[in-house]
Amino acid sequence: MKHIQAVLFFIFFFTGSFAQKTNSFLIYSVKGTVTVAEDNKNSKAQIGKLLTESSKITIGSNSLVSIICNENSLFSIVKPGTYSMGQFKDSCLVNKSSITSNYLKFIWGQLTTPKGSPEKNRKSYMNNLGAVSRSNISIWVDSRLDTIHYFSGEFPISWKCYSDVTEFNFELMEDKKPVFQKTIKGATFISITDFAGKLKTNQPFNWTLKAKDEENTETRVLIKWDKASYEKLVNRFIAAKTTEETEAEESFRLGFLLESARFYSEAYQYYKKATQLSPDMELYQKTLDAFKKDYHIE
């Protein structure tokens, strides 16, 4: 009997503790006049500000604020008035299948960490990314390039060389038959546009890279998508939004999601667009700079 009572006590204690867990809120975007009241002090709502359930927020006319709750859910407040953040507990419920969950975690981490490092942090929120892989004695190719999805645009396939070799051989194959070969001298990249005309849509192509006079035992994959399939994917990403977005916010989110899906050329275009639309947003510029550094884009 004592054992049962002890178990019941543990269950009730655990349940009670779980129920008492409070939510945290992060201001993601602001439009118009929005103020925050904490400890009897009012201040202008700022992107990146953390709020508690006891915080109060006032929305002016023709204004809105978007909030990330607990790193996992995103919602907007658009109706003018004053609200306690505790009112929005239901908006903190998490949809585990959400395709934007990793994106929200990334934004939360960047806005709440002083001097965030997108060049390190961004990649840790993308499940498909691994460590650098070794192709042979001299060449190292980032494992993010093991599979590349491509629709259009210019993007460099790059590598690092840890010897004095300056000549490399690139080969593109369809069904193990070479369809394109190029010798690269004095550079450590090749642009996809150099061989894009050889690609057939929805057909996997293998590519290999080796230093001069060395063997290569690794092959990697590149798949060109047809227009309808690519646009369907982008529209799915667009529809995944759960709140109001500016064009810059949408572009940045699409860049992150496309990079996660290994559409590197297309992600680059959206990251650039976000930066152009919102040049004062430091996170956008830092992420674009980190992306260019990661993929060796001049």
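Here the structure is a predicted model, which means the values were calculated and not measured.

Conventions and cut-offs
- Numbering of residues begins from 1 in every chain and follows the order in which that chain's sequence is written.
- For a predicted model such as this one, the threshold for reporting local features is a pLDDT of at least 70, and the threshold for listing and counting side-chain atom pairs is 80 or more; totals across whole chains, interfaces and linings nevertheless cover every residue.
- Water and hydrogen atoms play no part in the side-chain values, which are based on all heavy atoms of the structure.
- Runs of E in the DSSP output that reach at least two residues are strands. Runs of H or I that reach at least four are helices, and both are numbered from the N terminus.
- For a helix, the expected span equals 1.5 Å multiplied by the residue count minus one.
- The rule is simple: take the accessible area with a 1.4 Å probe, protein chains only, and divide by the maximum for that residue type; under 20% is buried, over 50% is exposed, in between is partly exposed.
- Here the arc refers to the set of directions running from the helix axis out to each C-beta atom.
- By definition, two strands form a pair when at least two bridges between them are found by DSSP.
- To define axes, lines are fitted to C-alpha atoms, for helices over the stretch in contact only, and angles between the resulting N-to-C directions are given on a 0 to 180 degree scale.
- Here, two cysteine sulfur atoms that lie within 2.5 Å of each other are counted as a disulfide.

### Some remarks on helix α7 (residues 282-294)
Spanning 13 residues, α7 covers 18 Å between terminal C-alpha atoms, matching the ideal 18 Å at 1.5 Å per step. Burial in α7 covers these residues: Leu 283, Tyr 284, Thr 287, Leu 288, Ala 290, Phe 291 and Asp 294. Seen end-on, α7 carries its buried residues on one side only, within an arc spanning 165 degrees. In α7, those exposed residues whose orientation departs by more than 90 degrees from the buried face are Glu 282 and Lys 293. Positive phi appears at His 296, one or two residues downstream of α7, with a value of about 55 degrees.

### Some remarks on the sheet that holds strand β8 (residues 81-84)
Strand pairing within a sheet occurs via backbone hydrogen bonds; the two strands may be parallel or antiparallel. Ordered in space as β3-β2-β5-β8, the four strands form an open sheet in which the pairing is antiparallel. What marks the edges here is a single partner per strand, and that holds for β3 (41-44) and β8. Averaged over neighbouring strand pairs, the angle between their axes works out to 25 degrees when direction is ignored. Pairing between strand β2 (residues 34-38) and strand β5 (residues 56-59): four bridges, direction antiparallel. When the sheet's bridge partners are listed, Val 34 is paired in β5 with Ile 59.

### Focus on the pairing of strand β18 (residues 220-224)
Of all five residues in β18, four are buried; the element is thus mostly enclosed. The pairing of strand β11 (residues 147-150) with β18 spans four bridges and is parallel. Within β18, the position partnered with His 149 by the bridge is Ile 223. Pairing of strand β17 (residues 204-211) with β18, which is carried by four bridges, proceeds in the antiparallel orientation. Paired with Asn 206 across the bridge in β18 is Val 221.

### Brief notes about the state of the cysteines
On inspection of all chains with the given rule, the structure shows one disulfide. Sulfur-sulfur distance for the disulfide between Cys 69 and Cys 92 comes to 1.9 Å. Here Cys 69 and Cys 92 share a disulfide; its torsion about the S-S bond, 95 degrees, makes the bridge right-handed. A residue pair is termed long-range when its members are at least 10 positions apart, and Cys 69 in strand β6 (residues 64-69) and Cys 92 in the loop between β8 and α2 (101-112) qualify at 23 residues.

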